[in-house]
Amino acid sequence: MNQPLITVEGLTKRFDVSRSFKDVFTGNHPQLQAVSDVDFTLAPGETLGIVGESGCGKTTLGRMLIKLISATEGKVMFDGKDISEMTRTEELEFRRRAQLVFQNPFDALNPHFTILRSLTEPLHNARVPREEHGQRIAEAMSMVHLPALEHFLQSFPHQLSGGQLQRVVLARALVLRPDFIVADEPVSMLDVSVRAGILNVLREVRDTMGLAAVFISHDLALVRYVCERTITMYLGAVVEDGPTAAIVENPLHPYTKALVQAVPIPRVDQSHAPLPITGGLPDARNPPSGCRFRDRCPLAEARCAAEIPRLREVGGGRRVACHLVEPA
Amino acid sequence: MLLEVRDLVIDYRATRGRVRAVDGVNFNVPAGAVVGVVGESGCGKTTAVRAITRVMPSSAVFAEGSITLEGEDIVQMSDREMRKHLWRDIAYVPQSAMNALDPVWRVGKQIEEVLVGRGGMTKKAARARSEELFAMVGLEAKRLRDYPHQFSGGMRQRASIALALALSPKLVIADEPVTALDVVIQRQVLDTFTELQKQLNLSVILVTHDISVVAYVCDYVVVMYAGKVVESGPVADVLDNPGHPYTMGLYNAFPELGGEDRELSPIEGSPPDLLNPPKGCRFRARCPFAIDACLQDPPEHTIGEGHVANCHRAGEAGELREIAKRTETWVGVTSE
């Protein structure tokens, strides 16, 4: 296997949460562990999906990967370099090579900027010579299937539809010819009829540009459409990691199983069997001991309360964090 | 039939003229049935179902048509008469559960207010009923003392369902009740909702953009596009044998978890401007099967028992369906 583009080691993020009156007197500083001890690698050109419920830390993880927020512990290596220890020049280069696609296209673009200006801004910041701008923008616009026509480039965000806006947001990320993008729920704000267009662009970009991508979503069906590999997160921790096809077909962790079962399908003859899990996410400030999923898990036994399950290899390129899954 | 909506036309007064948000919509809600209304944003689905409650922004005008609830026309009722039906016969679960609940009041207090103010119960009876309602939707009675911000998204949605059921209405209108929720919570809320629906024999109108949700819970479906109904009928018939190209297109635009990894095809273009809608079929500009006849208003074509599609070519739906399954059919359709 070639050198990974991104290596994540023991990545952890704790946020301070508001202190109660009692905490002030007792000198407590309550913290919430949004991401705990995450390890994985991403090869160049690989697309990785991160799925989980809201509050599972998937967005925080995505933001740490491109250094929008810093890690509390652990590190992210990009092309062999720790992103928290980069020099200014290295950081500028990193900012060019790693891009983020935002969730809500309606507020990701500056309403006072024309589309052209929104696309030129990153080129300017990355010190791309001015004579190349036109060609770079035309290239990015054609990748997202938008017309690079003068009147289109001179329009403002409020004149475009949601689908067009999200294409512009994508084009803005691609205009710097990055090696890595993080797309955080890129279609959740869009109508069903235009979603497919954005997903197809992501698929084409994956195939033609050889871009490594992290695609964050709560919808496993979307992830399966775009990503070859998937990570399931629960309450800040990775519970399962493996090829998407294998995870969808045969999920191993009880949480992933529930997630796969919960996705509705557009057919009448589908299972109405009750989900094996009940309740919602526990309070992240005070997670259960041992396995974090144990209070919702239908299989939990004594060992699950005592011991934190480690993510271990189970064969077939898959890793699972569950005491009850035997390696194949 | 519990509710019949006939030729409903609703306009919004805007500075540039009147926007016809709902244009001649017909549908029925049989007693005890769950009817799904699907379509993309701006298709008029929310306006059409909110009209049933008559709780509308002041710019909305009922231009034509009737909404008959058990023989009485809601559109013609005085506000006073209408108030008698709200909560007691018709309850509404709005789009975002956060909006349904007042952030400065305890949740229990808000349910009691409805029970006392609208239902004429005593405070004591109202308290007992709130506890009963919370038990029905799967929330602990002690959470009645909480404020909405202390609830998670799924719990808030359960609370607003409890609120809607407070006075045992016949008809519950739920607008995108699970859209903001995660798949697991969505499934749990839908399961609770359908269980209550069966137990109380409720009639439900469920507005959503997600055909999977419709497939999971509904008996009938009404597909809307640009202010008009394009297809309606029993869910199984509409999903298995769609008669309108828009419905066929929606199906292809959707990634599915089960089954093979098929290529998706978006419906190119965007819905028409309702200030100035095109003549004839409104889907024409985005339709791969458009012909000259489509410049005329599409006829109602019956495909099966209770299954109607408003399309000139609905007669050939069987062949079109096969062509619509191919991705290339949908590429480069938009003319303008």
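Residues numbered from 1 in each chain as written. Chains lettered and ligands numbered in written order. Predicted model: local features only at pLDDT ≥ 70, side-chain atom pairs only at ≥ 80, totals over all residues. Heavy atoms only, no water.

- Chain B appears in an unreviewed UniProt entry as ABC transporter ATP-binding protein from Harenicola maris.
- According to the UniProt record, the Sequence similarities (unreviewed entry) comment for chain B reads "Belongs to the ABC transporter superfamily."
- Here is the UniProt Subcellular location (unreviewed entry) comment for chain B, exactly as written: "Cell inner membrane". (UniProt positions renumbered as here; feature names shortened; annotations may be inferred.)

- Per an unreviewed UniProt entry, chain A goes by the name ABC transporter ATP-binding protein and belongs to Harenicola maris.
- In the Subcellular location (unreviewed entry) part of its UniProt record, chain A is described as follows: "Cell inner membrane".
- Quoted straight from UniProt, the Sequence similarities (unreviewed entry) entry for chain A says "Belongs to the ABC transporter superfamily."

**Structural notes on the packing of aromatic side chains**
All names here are of chain A.
Alright, step 1. The full count for this structure, using the stated rule, is 10 aromatic pairs over all chains.
Alright, step 2. Measuring from centroid to centroid gives 5.5 Å for Phe21 and Phe25, while their planes differ by 80°, and the two rings are edge-to-face. Placement of both Phe21 and Phe25 in helix α1 (residues 21-26) is noted, with a separation of four residues, approximately one turn of the helix. Comparing Phe21 with Phe25 shows no difference in burial state: the two are exposed.
Alright, step 3. Put simply, the rings of Phe78, Phe94 and Phe180 touch in pairs and so form one group of aromatic residues.
Alright, step 4. A cation over a ring is seen here: Arg117 above Phe113, with NZ or CZ 3.7 Å from the ring centre. (Phe/Tyr/Trp six-rings, centres within 6.5 Å; stacked < 30°, edge-to-face > 60°. Helix = DSSP H or I, 4+ residues; strand = E, 2+ residues; numbered from the N terminus. Buried < 20%, exposed > 50% of the residue type's maximum accessible area, 1.4 Å probe, protein only. Lys NZ or Arg CZ within 6 Å of the ring centre and 35° of its normal.)

**A look at the state of the cysteines**
All names here are of chain B.
Alright, step 1. Under the defined criterion, the tally for this structure stands at zero disulfides over all chains.
Alright, step 2. Cys43 supplies the cysteine sulfur nearest to Cys218, a cysteine that is in no disulfide, at a spacing of 14 Å.
Alright, step 3. On the basis of relative accessible area, Cys218 is assigned to the buried category, the value being 9%. (Disulfide = S-S within 2.5 Å.)

**Comments concerning the UniProt feature "domain: ABC transporter" (unreviewed entry) in chain A**
Alright, step 1. Residues annotated in UniProt with the feature "domain: ABC transporter" (unreviewed entry) correspond here to residues 19-260 of chain A.
Alright, step 2. Secondary structure content for residues 19-260 of chain A is 45% helix and 22% strand, and the end C-alpha separation is 37 Å.

**Quick notes on the pattern of salt bridges**
Residue and element names in this part refer to chain A.
Alright, step 1. This structure, assessed with the given rule, holds 36 salt bridges over all chains.
Alright, step 2. A salt bridge links Glu91 to Lys67, with the shortest nitrogen-to-oxygen separation between them at 2.8 Å. With a gap of 24 residues between them, Glu91 in helix α3 (residues 88-97) and Lys67 in the loop between α2 (58-65) and β4 (73-78) connect regions that are remote in the sequence.
Alright, step 3. The partner of Glu240 in a salt bridge is Arg318, and the shortest N-O contact between them spans 2.8 Å. Of this pair, Glu240 sits in strand β10 (residues 237-243) while Arg318 sits in strand β12 (residues 318-320), and the two are 78 residues apart along the sequence. (Salt bridge = Lys/Arg side-chain N within 4 Å of Asp/Glu carboxyl O.)

**A word on the sheet that holds strand β7 (residues 180-184) of chain A**
All names here are of chain A.
Alright, step 1. The sheet built from eight strands is open, its strands ordered β6-β7-β8-β3-β9-β10-β12-β11 with mixed pairing. The sheet is open, and its two borders are formed by β6 (98-101) and β11 (312-315), each paired with just one other strand. On average, adjacent strands in this sheet sit at an angle of 20° to one another, irrespective of strand direction.
Alright, step 2. Bridge count for strand β3 (residues 47-51) against strand β8 (residues 212-217) is five bridges, and the pairing is parallel. Each residue of the ladder has a partner; that of Thr47, found in β8, is Ala213. (Pairing = 2+ DSSP bridges. Axes fitted to C-alpha atoms, helices over the stretch in contact; angles between N-to-C directions.)

**With respect to the environment of B:Thr179**
Residues and elements named next belong to chain B.
Alright, step 1. Topologically, Thr179 is positioned in the loop between β7 (171-175) and α7 (183-200).
Alright, step 2. When its relative accessible area of 39% is taken as the criterion, Thr179 is described as partly exposed.
Alright, step 3. On a C-alpha basis, the gap between Thr179 and Glu70 in space is 30 Å, while along the polypeptide they are 109 residues apart.

**A look at the side chain of A:His253**
Residues and elements named next belong to chain A.
Alright, step 1. Position of His253 among the secondary structure elements: in the loop between α11 (244-249) and α12 (254-262).
Alright, step 2. When its relative accessible area of 1% is taken as the criterion, His253 is described as buried.
Alright, step 3. Separated by 3.0 Å, the side chain of His253 and the backbone nitrogen of Tyr255 make a polar contact.
Alright, step 4. Within the structure, His253 has its side chain in polar contact with the backbone oxygen of Ala321 (distance 3.1 Å). (Polar contact = N/O pair within 3.5 Å; in protein donor to acceptor, adjacent residues only side chain to side chain.)

**Re the sheet that holds strand β2 (residues 31-42) of chain A**
Alright, step 1. Spatially, four strands are ordered β2-β1-β4-β5 (chain A) in an open sheet, and the strand pairing comes out antiparallel. Every other strand in the sheet has two partners, leaving β2 and β5 (81-82) of chain A as the edge strands with one partner each.

**Quick notes on the environment of B:Thr46**
All names here are of chain B.
Alright, step 1. Within the fold, Thr46 resides in helix α1 (residues 45-50).
Alright, step 2. The sequence separation of Thr46 and Asp297 amounts to 251 residues, and the corresponding C-alpha distance is 24 Å.
Alright, step 3. With residues up to four places along the chain from it excluded, the contact list for Thr46 reads Tyr92, Gln95, Asp175 and Val207. (Contact = heavy atoms within 4.5 Å.)

**Quick look at the pairing of strand β1 (residues 6-16) of chain A**
Residues and elements named next belong to chain A.
Alright, step 1. Two strands pair when backbone bridges link them, and β1 and β2 are joined in this way by eight bridges, in the antiparallel orientation. Bridge pairing in β2 places Asp16 opposite Gln31.
Alright, step 2. Pairing of β1 with β4, which is carried by five bridges, proceeds in the antiparallel orientation. Bridge assignment links Thr12 to a residue of β4, and that residue is Glu73.

**Section: the interface of chain A and chain B**
Alright, step 1. With 41 residues of chain A in contact, the opposing surface of chain B contributes 38 residues.
Alright, step 2. Regarding the contact of chain A and chain B, the summed buried area is about 3,500 Å², with carbon and sulfur atoms giving 58% of it.
Alright, step 3. For the pair chain A and chain B, the interface holds two salt bridges.
Alright, step 4. Of the charged contacts in the structure, one is a salt bridge between A:Arg203 and B:Glu263, with a shortest N-O distance of 3.5 Å.
Alright, step 5. Where chain A touches chain B, the interface holds 12 residue pairs in polar contact (both at pLDDT 80 or more).
Alright, step 6. The leading source of residues in the side of chain A that touches chain B is helix α9 (residues 192-209) of chain A, at nine residues.
Alright, step 7. In terms of residue class, the side of chain A that touches chain B is built from 21 nonpolar, 13 polar and seven charged. (Buried area = accessible area lost by both parts, 1.4 Å probe. Nonpolar A, V, L, I, M, F, W, Y, C, P; charged D, E, K, R; others polar.)

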